[in-house]
Amino acid sequence: MKKFNREKFIKRCIQIFAIVVVLILLTLGISAIVKTAYFNNAYNEYNEKIYYKNDNIAINIFLTLISIIVIYALYKIFFKIKNKYLLFAVILIYAVLSVIWVIVSKTPLRADQKVIQDIATQFIDGNLGTLDPGQYLCYHPLQLGIIYFLEIIYRIFSSTNPIIFKMLNIIFSTIAMIYIYKISYIIFKNDKVQKILLILLCGNFIMIFFNVYVYGNIIGFMLGLIAIYYTLKYTENKKVRYLAISTISIVTAIALKSNYQIYLIGIIIILLLETFKKFDYKSIIAIFAMIILMTVVNKGIIKFTEFRYGKEINEGIPMISYIQMGMAEKVDRAAGWYNAVVNVEAIFRNNDFDEEKTSEYSKTEIAKRLNEMLNNPKDAIVYYGDKILSTWIEPAFQTIWINEPQEEIEKVNDYISDKNILISLYDGTANKIIMKYFDIYDIIIFIFAATYLVINFKKINIKEISLMIIFFGGFAFHILWETKSIYAIPFFELLIPYASHGIMDVIQIIETKIKKKKNKKDKEIKLICGS
């Protein structure tokens, strides 16, 4: 009987996983070539409905090819410049453009952003009324982490002006870009790939527009990347301090934005795969430490709030209700988006704010909806097709939409008077240009990330697949959960290093073929001259 080969088994699992991810990426890339999801960008109205339009396939392919040629030309221009200088230049350009945008756009807060901003301000004033039954934090106590963070920041700066947090977002996202670079190097250790990565990061304007978002997404993204980086560092040299940094970073990220539990699951899978290959008790301890510390921190925030409030507070909307909303028949938005009729607040309210009762109700409704889908498989395919495409092929991932003034437009003189460029960006010619730019950028990332997996299929290891594990987790999660295009950003960004490698692989293949042809011609010329 043959001895069980762990490394071979892991390699087969990685290859099967890679095939699945390639199919997902190619589906998204081809879909982005064929059609575009978009918002009706009227800057003076609140409309989160997604529409679709068919694209000119030939133009998209042509622009993608032109973009790759431009990337190659830039790569050649910057070839002799050290990457550390290029990184500094990219970060400087990014930070300056981000500061200019935050100042010029004056983007107003709305929806959950405005709510948590108002609550943080109320907490500073000693008003904890939003914890009362039927109020916002009764539904969403998981928001307490980011609310307390905002309260601390505003107390430090003695101001509740949201521009403070927007400026901090620029710092957080800049650090995030640096860690994308560092993670890419620890995975690939290829200076040529890093150069392509820097070019793609310089064109990553999505994050510039995203910096206005007063929420836990960006700081959570930064902390999640730090956690990934130090997890990968640990797999190289087994230094416990790296696991400690990773644990603290990911637990803090989750406290500020619970969706980063997907990053935690990815980190756990990476550690488990490494441990399966060669047993490491420190990785097992770290996994338990992450889970326990996450639970303790979340419970600690609740207990601190109860002490401050003087009353017990509930645990909020059960997580299963988000799955119910994420598969409810669509009404006013795309499939699986926040639903005007079947939304989590209404579900919780209609069940008397009782977690157990709400959970049972959601389970029953999920079973009914699943039965409907099984009886109408074509409708189910259309539904989830809409849900996936509305999440992943809106070119700007909703970052232009979140910047629009909308209901704040009445403040014309203070906000948008004589700012025709801004108006054009939201609802005019500039909008069409920037959205096409984002469309081509997204196509490049999807297609060339898939290209990397195809070309390197036989030699991919755990480290090289690590970011793809988290991307896949985000993709799968938002099929089940409530979705929005903006939720995809922390997972889309993880594809950029792979796309960089994919582009470099294609460049090297083409250069090798050209070199072979040239050598063949040189030999033929020598033979002719010799004869």
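This text follows the structure it describes.
Model, not experiment: these values are computed from the prediction.

Engineer: Sorry if this is basic, but what is going on with unusual backbone geometry here?
Structural biologist: Trans peptide bonds make up the majority, and among non-glycine residues the majority have a negative phi. With a phi close to 60°, Phe353 is a non-glycine residue in the positive phi region. Inspection of the secondary structure puts Phe353 in the loop between α15 (344-350) and α16 (355-375). In this structure Phe353 comes out as partly exposed when scored by relative accessible area, which is 24%.

Engineer: Explanation requested: the packing of aromatic side chains in the structure shown.
Structural biologist: Aromatic rings in a pair are described by how distant their centres are and how their planes are angled relative to each other. What the rule picks out here adds up to 38 aromatic pairs. Ring centres of Trp101 and Phe209 lie 5.0 Å apart, and the angle between their planes is 80°; on these two criteria the pair is classed as edge-to-face. Taken together, the positions of Trp101 in helix α3 (residues 83-105) and Phe209 in helix α9 (residues 206-210) put the pair 108 residues apart, joining distant regions of the chain. Take Trp101 and Phe209: they sit in the same class, and that class is buried. Judged by centre distance (6.1 Å) and plane angle (80°), the rings of Phe149 and Phe165 are edge-to-face.

Engineer: Looking at this structure, I do not really get the packing of helix α1 (residues 6-34) against helix α12 (residues 261-277). What am I missing?
Structural biologist: Where α1 contacts α12, the two axes come as close as 9 Å, and the packing angle between them is 150°. The angle between the axes of α1 and α12 places the two elements in the roughly antiparallel class. In contact with Arg6, Glu7, Phe9 and Ile10 of α1, α12 contributes Leu273, Thr275, Phe276 and Lys277.

Engineer: Please explain α16 as it appears in this structure.
Structural biologist: Three- or four-residue spacings in an α-helix give side chains the same orientation, since the helix completes a turn every 3.6 residues. The terminal C-alpha atoms of α16, which comprises 21 residues, lie 30 Å apart, in line with the 30 Å expected from a rise of 1.5 Å per residue. Restricting attention to buried positions, one finds in α16 the residues Thr358, Ser359, Ser362, Ile366, Arg369 and Met373. Buried residues of α16, viewed axially, fall in a sector of 95°; they line one side. Structural note: α16 exposes Glu356, Leu374 and Asn375 on the side pointing more than 90 degrees away from its buried face. Considering only its buried residues, α16 is in contact with α14 (319-326), α15 and α17 (377-392).

Engineer: Whenever I open this one, the environment of Gln113 confuses me. Can you help?
Structural biologist: Mapped onto the elements, Gln113 comes out in helix α4 (residues 111-124). Taking the C-alpha atoms as reference points, Gln113 and Tyr213, 100 residues apart in sequence, are found 7.4 Å from one another. Within polar-contact distance, the side chain of Gln113 engages the backbone nitrogen of Val214 at 2.9 Å.

Engineer: Would you explain the environment of Ile455 in this entry?
Structural biologist: Structurally, Ile455 can be placed in helix α20 (residues 429-455). According to the relative accessible area criterion, Ile455 is partly exposed, its value standing at 37%. Each C-alpha atom of the pair Ile455 and Ile180 lies 22 Å from the other, and the pair is 275 residues apart in sequence.

Engineer: Where do I start with the nonpolar core in this structure?
Structural biologist: What tends to happen in soluble globular proteins is that the nonpolar side chains get buried as a cluster. Membership of the largest hydrophobic core comes to 158 residues, with the highest contact counts inside it found for Leu25, Ile250, Trp392, Leu453, Met468 and Phe471. Discounting chain neighbours no more than four positions away, the residues touching Leu453 are Ala18, Val21, Val22, Leu25, Ile460, Ile465 and Met468. Counting 8 residues, the second-largest nonpolar core is a separate cluster that includes Cys138, Ile317, Tyr322 and Trp481.

Engineer: Would you mind going over the pattern of salt bridges with me for this structure?
Structural biologist: Between side chains of opposite charge, a pair can form when the charged atoms approach closely. Evaluation of the coordinates by the stated rule reveals 19 salt bridges. Of the charged contacts, one joins Glu48 and Arg333 as a salt bridge, the two residues approaching to 2.8 Å between their closest N and O atoms. You can see Glu48 sitting in the loop between β1 (35-39) and β2 (50-54) and its partner Arg333 sitting in the loop between α14 and α15, a full 285 residues away along the chain. For Glu48, a relative accessible area of 4% translates into the label buried. Arg333 sits in the buried class, given a relative accessible area of 15%. Put simply, Glu236 and Lys463 hold a salt bridge, and the shortest N to O gap is 2.9 Å. With a gap of 227 residues between them, Glu236 in helix α10 (residues 217-237) and Lys463 in helix α21 (residues 462-480) connect regions that are remote in the sequence. With a relative accessible area of 17%, Lys463 lands in the buried category. Connected via shared salt-bridge partners are Glu48, Asp332, Arg333 and Lys484.

Engineer: Any chance you could explain α14 here in plain terms?
Structural biologist: Turning to α14, its buried residues number three or more, namely Ser321, Tyr322, Gln324, Met325 and Gly326. Tucked inside the fold, the buried residues of α14 contact α15, α16, α17 and α21.

Engineer: Just to check I follow, could you spell out the packing of α3 against helix α8 (residues 191-202) for this structure?
Structural biologist: Geometrically, a packed helix pair is captured by the angle between its two axes and the distance between the axes. Relative to each other, α3 and α8 sit at 10°, their axes nearing to 10 Å. Put simply, α3 runs roughly parallel to α8. Of the residues in α8, those touching α3 at Asn83, Leu86, Leu87, Val90 and Ile93 are Asp191, Gln194, Lys195, Leu198, Leu201 and Cys202. Of the residues contributing to the contact of α3 with α8, the split by class is 7 nonpolar, 2 polar and 2 charged.

Engineer: Is there a simple way to think about a nonpolar patch on the surface in this case?
Structural biologist: On the surface, Phe88, Leu92, Ile93, Val96, Leu97, Val99, Ile100, Ile103, Val104 and Ile163 cluster together to form a nonpolar patch covering roughly 810 Å² of accessible area. A total of 9 residues in the nonpolar patch trace back to one element, the largest contributor, which is α3. Along the chain, Val104 falls in helix α3. For Val104, a relative accessible area of 36% translates into the label partly exposed.

Here is what the cut-offs are and how they apply
Residues numbered from 1 in each chain as written. Predicted model: local features only at pLDDT ≥ 70, side-chain atom pairs only at ≥ 80, totals over all residues. Heavy atoms only, no water. Helix = DSSP H or I, 4+ residues; strand = E, 2+ residues; numbered from the N terminus. Buried < 20%, exposed > 50% of the residue type's maximum accessible area, 1.4 Å probe, protein only. Phe/Tyr/Trp six-rings, centres within 6.5 Å; stacked < 30°, edge-to-face > 60°. Axes fitted to C-alpha atoms, helices over the stretch in contact; angles between N-to-C directions. Parallel < 35°, antiparallel > 145°, perpendicular 65-115°, else oblique. Contact = heavy atoms within 4.5 Å. Expected span 1.5 Å × (residues − 1). Arc of directions from axis to C-beta. Polar contact = N/O pair within 3.5 Å; in protein donor to acceptor, adjacent residues only side chain to side chain. Core = buried A, V, L, I, M, F, W, Y, C linked by side-chain atoms within 4.5 Å. Salt bridge = Lys/Arg side-chain N within 4 Å of Asp/Glu carboxyl O. Nonpolar A, V, L, I, M, F, W, Y, C, P; charged D, E, K, R; others polar. Patch = residues over 30% accessible without salt bridge, like charges linked within 9 Å, V, L, I, M, F, W, Y side chains within 5 Å. Areas by Shrake-Rupley, 256 points an atom, 1.4 Å probe, with all protein chains shown as cover.

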